[in-house]
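# Observations on chain architecture
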Protein chains: 2
Amino acid sequence: MPRNVFYAQSGGVTAVINASAAGVIETARANRARIGRVYAGHDGILGALAEDLIDTSGERASAIVGLTHTPGGAFGSARYKLKGLAEHRAHYERLIDVFRAHDIGYFLYNGGNDSADTCLKVAQLARELGYPLTCVHIPKTIDNDLAGTDCCPGFGSVAKYVATSMREAAFDVASMARTSTSVFVLEVMGRHAGWITAAVGLAEDEEHPIPLLLLLPEVRFDEPRFLAAVARLVKMHGYCCIGVSEGLRGADGGFLSESGLHDSFGHAQLGGAGELIAKLTRDRLGLKYHCALADYLQRSARHIASRTDLEQAYAVGRAGVLAALAGQNAVMVSIVRTADQPYRWTLSHTPLARVAGRERMVPRSFIRRDGFGITARARTYLQPLIEGEAPPPFRRGLPRFTRLANRRVPRKLAAYSL
Amino acid sequence: MPRNVFYAQSGGVTAVINASAAGVIETARANRARIGRVYAGHDGILGALAEDLIDTSGERASAIVGLTHTPGGAFGSARYKLKGLAEHRAHYERLIDVFRAHDIGYFLYNGGNDSADTCLKVAQLARELGYPLTCVHIPKTIDNDLAGTDCCPGFGSVAKYVATSMREAAFDVASMARTSTSVFVLEVMGRHAGWITAAVGLAEDEEHPIPLLLLLPEVRFDEPRFLAAVARLVKMHGYCCIGVSEGLRGADGGFLSESGLHDSFGHAQLGGAGELIAKLTRDRLGLKYHCALADYLQRSARHIASRTDLEQAYAVGRAGVLAALAGQNAVMVSIVRTADQPYRWTLSHTPLARVAGRERMVPRSFIRRDGFGITARARTYLQPLIEGEAPPPFRRGLPRFTRLANRRVPRKLAAYSL
């Protein structure tokens, strides 16, 4: 008797997370003998807790293809972290109740670190309660900081966006430097791990030399050395471009831009590192600056998504279903690199116990000795992830995105309040 | 005897100003019987004053085609405004001296309002001094605020970028609103005229409904009405997107974000309107916000340029040469719209006296009655300008841009200091 899939998106969305959803749905549809319907959580895991489930089975095949062109999270995502089994046991039991009521045999959770942890705990409780459930984590995070996979779907497209944007802006600044701006700062995401900042370094290559400094969160900010580096580049080239992580840390180890706000995961809400850095070059070096803050634009820029990233996002969704059908429980689908050039990759599985609660930082060997740039090794790693274009269809000059009908599954249980 | 062209770029550069340069150079090359070489000013008009001229004649045809893919200003631009003929007479006379020394018969100045004014004054002085010179202004400005033309090359591409970015971000925010961000603010350029802000409105259409508010510089900011509008949209849709002009003005008529800085044209340097507005929604309505500041990214985003804009940028460069050959002096090449749908346009000329010193604002009929959006009439005007894609060539995942050799013309005159 085929059982149903519950699929949910977690945390910050990406330009390609919906491609993972498409991979899940299309693969489930291709396995109708063993899988019933794909239910998606409305607003992620909250949808499961509230028994607010979306039935994807009525969506046309063309709408599912449309998902691969559409940024954001098609069913809603959530920044909501389930705590430990002891502390949040009622929530976990409610999840199992909902799964049981809707005959969910497969839990596919699409997210980053926090959702990997939740996925593992749900698998543990299901086993403890004797409820037959296969839990598979589908990786997603623009931050590229998940352990146990060579890269994370979502990252390659942000990397392509920030490198493209910095290259374009550098051509602008270069032409204006004499009478106007000589310092251009681009602040990018990446709270703890500097993968996105590192990707800004790809803007520069032998054909496109750019005086570029990177400020990664892995390298403590050293103001005098930074200012000396800016002054040197401006003297030599007339201008200087700077890629700054939102999570840049000062000498005391604290975020340079700590705003005092926290999100519901308890993470500090950052913003302003770019402006701070830019103002420093003005105040200390007397340079005129401009500062861009890409913010959500960088993670939703489906129009400049990496084809490699898009393909991997789809593939991990597809592999999630196949892994679940194969009875792989409490694993994350992982991307394994088998060759750098030409780039080759395959998929595997990593036990969730080796994923949850870890964070993969940019290794020291990827960071230039002076701390302000990336090494050849970093380029070898990053380069394949941004390759290939996969523009969405355009209509009347703008990308055309898909909104699903998101028809709800009738509730069977009593209401539950968080 | 063929005479030479002097071409210069002025003010803020755009994603397509180099297409105008390509139009100038290719058209001049096609008219070798009447035009000698195309010299470009290194860093715009400063290059003429300093006799720092670039000889484009050695550049390969493929490099000139490459210009049409390359953002920024290929020869350098300048924010340097020549004042009145009385005040800056020595500078104007120096220009004529340099033109005479290099047998410049055609002055093609590619810029906005300020350069239109300079172009007119150079034409006046040349006539006064009996120096045979044909002066043609080639329009360029992302702000779309030039009088005497239906639209300005450079604007359509920014419009496409901001509308695309807002649509993409809206899909992101919509999926996160329940547990995270419910207000997303995008600050865009446009110091006095709100054309770019208006273009953000294109993000929303019947197929992509978005709860969207626009804050144009033409409409005085009314805090209570704004907050009520935000609260209403968030209540109805769970989130709200806001496009804000950097030049938003408060009830007192002053810039909301006046930073006290001025550029060398004497214009106030702005920045921060978006952040101010966003913080207001947090402080007064208790909403969680994110704010993006596209800054230079919006005007250098060649990867998402409008094909219409690119074609017009090339065409005005080409027409500038043809107008000069036809002896049209002290005119600006202008774009004339002959039909909205299907869009048709042609080129004409406008006397510079009717361009210089004017600024074209967004008309009241383009602004929704409540002030927070655009009308159908605005859409009819804006829509054709963003149509068509014209991506640059990509290599290794990134757009490939051209840098010219920029070989200098040997100096013939004594040095001149500004």
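Values in this document were obtained by computation on a predicted structure and should not be read as measured data.

## Focus: the nonpolar core
By size, the foremost hydrophobic cluster in this structure holds 164 residues, and its most contacted members are Tyr 7 and Phe 184 of chain A together with Tyr 7 and Phe 184 of chain B. Excluding residues that lie within four positions of it along the chain, Tyr 7 of chain B makes contacts with Ile 17, Ser 20, Ala 21, Val 24, Val 38, Tyr 39, Ala 40, Gly 41, Phe 75, Leu 108, Asn 110 and Ile 138 of chain B.

## Regarding the domain arrangement of chain A
Residue and element names in this part refer to chain A. As far as domains go, chain A holds domain 1 (3-142 + 304-356 + 390-399) and domain 2 (155-302). Using only C-alpha atoms to locate each centre, domain 1 and domain 2 end up separated by 33 Å. With 23 residues of domain 1 at the contact, the number on the domain 2 side is 17 residues. Regarding the contact of domain 1 and domain 2, the summed buried area is about 1,700 Å², with carbon and sulfur atoms giving 56% of it. Contact with domain 2 buries surface across domain 1, with Arg 79, Ile 142 and Ile 304 losing the most and accounting together for 45% of the total. Joining domain 1 to domain 2, the criterion identifies zero salt bridges. Considering only residue class, the side of domain 1 that touches domain 2 consists of 12 nonpolar, seven polar and four charged.

## As for the pairing of strand 5 (residues 134-139) of chain A
Residues and elements named next belong to chain A. Among the six residues that make up strand 5, six are buried, leaving the element largely enclosed by the rest of the structure. Residues Thr 134, Val 136 and Ile 138 of strand 5 are buried on one face, and the alternating residues Cys 135, His 137 and Pro 139, pointing to the opposite face, are buried as well. In the sheet, strand 4 (residues 104-111) pairs with strand 5 via six bridges, with the strands oriented parallel. Pairing of Gly 111 across the sheet is with Pro 139, part of strand 5. Note that the unit made of strand 4, helix 5 (residues 113-129) and strand 5 has a crossover that is right-handed. With two bridges joining them, strand 5 and strand 12 (residues 331-340) adopt parallel strand pairing. Across the sheet, residue Val 136 finds its bridge partner in strand 12, namely Val 331.

## With respect to the environment of Arg 344 of chain A
Residues and elements named next belong to chain A. Note that Arg 344 resides in strand 13 (residues 343-351). Look at Arg 344 and you get partly exposed, because its relative accessible area is 49%. Put simply, Arg 344 and Arg 358 are 14 residues apart on the chain and 26 Å apart in space, counted from C-alpha to C-alpha. Apart from residues no more than four positions distant in its own chain, Arg 344 is found in contact with Val 336, Arg 337, Thr 338 and Ala 339.

## Structural notes on helix 9 (residues 273-285) of chain B
Residue and element names in this part refer to chain B. Taking 1.5 Å of rise per residue, 13 residues should cover 18 Å, and helix 9 covers 18 Å from first to last C-alpha, within 8% of that figure. Those residues of helix 9 lying buried are Ala 273, Gly 274, Ile 277, Ala 278, Leu 280 and Thr 281. The arc enclosing the buried residues of helix 9, seen along the axis, measures out at 150°, which places them on a common side. Looking at the buried side of helix 9, the elements it contacts are strand 6 (183-188), strand 7 (212-215), helix 8 (223-237), strand 8 (240-245) and strand 11 (289-293). Directly beyond the C-terminal end of helix 9, a positive phi value near 70° is found at Gly 286.

## With respect to the interface of chain B and chain A
The interface is formed by 81 residues belonging to chain B together with 81 residues belonging to chain A. When the two sides are added together, the surface that chain B and chain A hide from each other amounts to roughly 6,600 Å², 53% of it contributed by carbon and sulfur. One can count 10 salt bridges joining chain B with chain A. Here Glu 207 of chain A ties to Arg 395 of chain B by a salt bridge, and the two come within 2.9 Å at their closest N and O atoms. At the boundary of chain B with chain A, the tally comes to 35 residue pairs in polar contact (both at pLDDT 80 or more). Those elements giving two or more residues to the side of chain B that touches chain A turn out to be helix 6 (155-176), strand 6, strand 11, helix 10 (296-300), strand 14 (394-395) and strand 15 (398-399) of chain B. A per-element tally of the side of chain B that touches chain A places helix 6 of chain B first, with 13 residues.

## Digging into the relation of the copies chain B and chain A
For these two chains of identical sequence, chain B goes onto chain A by a turn of 180° and a shift of 0.0 Å along the axis, with RMSD 0.0 Å. Such a turn and shift between the copies fits a two-fold axis. Closest approach to the rotation axis within chain B is made by the C-alpha atom of Leu 293 of chain B, at a distance of 2.4 Å. Comparing interface residues between copies, 100% of those in chain B also sit at the interface in chain A, which points to an isologous, same-surface contact.

## Some details on helix 6 of chain B
In a regular helix each residue adds 1.5 Å, so 22 residues correspond to 32 Å; helix 6 of chain B covers 31 Å between its end C-alpha atoms and thus fits that length. For helix 6 of chain B, the tally of buried residues reaches 21 of 22 residues, placing the bulk of the element in the interior.

## Let's talk about the packing of aromatic side chains
This model, assessed by the stated rule, comprises 24 aromatic pairs over all chains. Between the aromatic rings of Phe 99 of chain A and Phe 107 of chain A, the centroid separation amounts to 5.4 Å while the plane-to-plane angle is 50°, which identifies the pairing as tilted. Summarising the burial analysis for this pair, Phe 99 of chain A and Phe 107 of chain A share the class buried. Centroid distance Tyr 7 of chain B to Phe 75 of chain B: 6.1 Å. Interplanar angle 80°. Geometry classified as edge-to-face.

## What about the pairing of strand 11 (residues 289-293) of chain A?
Residue and element names in this part refer to chain A. Most of strand 11 sits inside the fold, with five of its five residues counted as buried. In this sheet, strand 11 lies alongside strand 6 (residues 183-188) in parallel orientation, the contact comprising five bridges. What sits directly across from Val 185, in strand 11, is Cys 291.

## A short note on the sheet that holds strand 12 of chain A
Pairing between the strands of a sheet comes from backbone hydrogen bonds, and it takes one of two forms, parallel or antiparallel. Residue and element names in this part refer to chain A. Strand order in the open sheet made by the seven strands is 3-2-1-4-5-12-13, with mixed pairing throughout. On the outer flanks of this sheet lie strand 3 (53-55) and strand 13, each paired with one strand and no other. For this sheet, the mean inter-axis angle between neighbouring strands, taken without regard to orientation, is 30°. Where strand 1 (residues 3-9) meets strand 2 (residues 35-41), four bridges bridge the pair, whose relative direction is parallel. By the bridge assignment, Phe 6 is partnered in strand 2 with Tyr 39. Packing of helix 1 (residues 17-29) onto the sheet brings it into contact with strand 1, strand 2, strand 4 and strand 5, and relative to strand 1 it is tilted by some 175°.

Reading the values: rules and limits
Residues numbered from 1 in each chain as written. Chains lettered and ligands numbered in written order. Predicted model: local features only at pLDDT ≥ 70, side-chain atom pairs only at ≥ 80, totals over all residues. Heavy atoms only, no water. Core = buried A, V, L, I, M, F, W, Y, C linked by side-chain atoms within 4.5 Å. Buried < 20%, exposed > 50% of the residue type's maximum accessible area, 1.4 Å probe, protein only. Contact = heavy atoms within 4.5 Å. Domains from an automatic or database assignment. Buried area = accessible area lost by both parts, 1.4 Å probe. Salt bridge = Lys/Arg side-chain N within 4 Å of Asp/Glu carboxyl O. Nonpolar A, V, L, I, M, F, W, Y, C, P; charged D, E, K, R; others polar. Helix = DSSP H or I, 4+ residues; strand = E, 2+ residues; numbered from the N terminus. Pairing = 2+ DSSP bridges. Right-handed = clockwise from strand over helix to strand, strands pointing away. Expected span 1.5 Å × (residues − 1). Arc of directions from axis to C-beta. Polar contact = N/O pair within 3.5 Å; in protein donor to acceptor, adjacent residues only side chain to side chain. Least-squares fit on C-alpha atoms with pLDDT ≥ 70 in both. Phe/Tyr/Trp six-rings, centres within 6.5 Å; stacked < 30°, edge-to-face > 60°. Axes fitted to C-alpha atoms, helices over the stretch in contact; angles between N-to-C directions.

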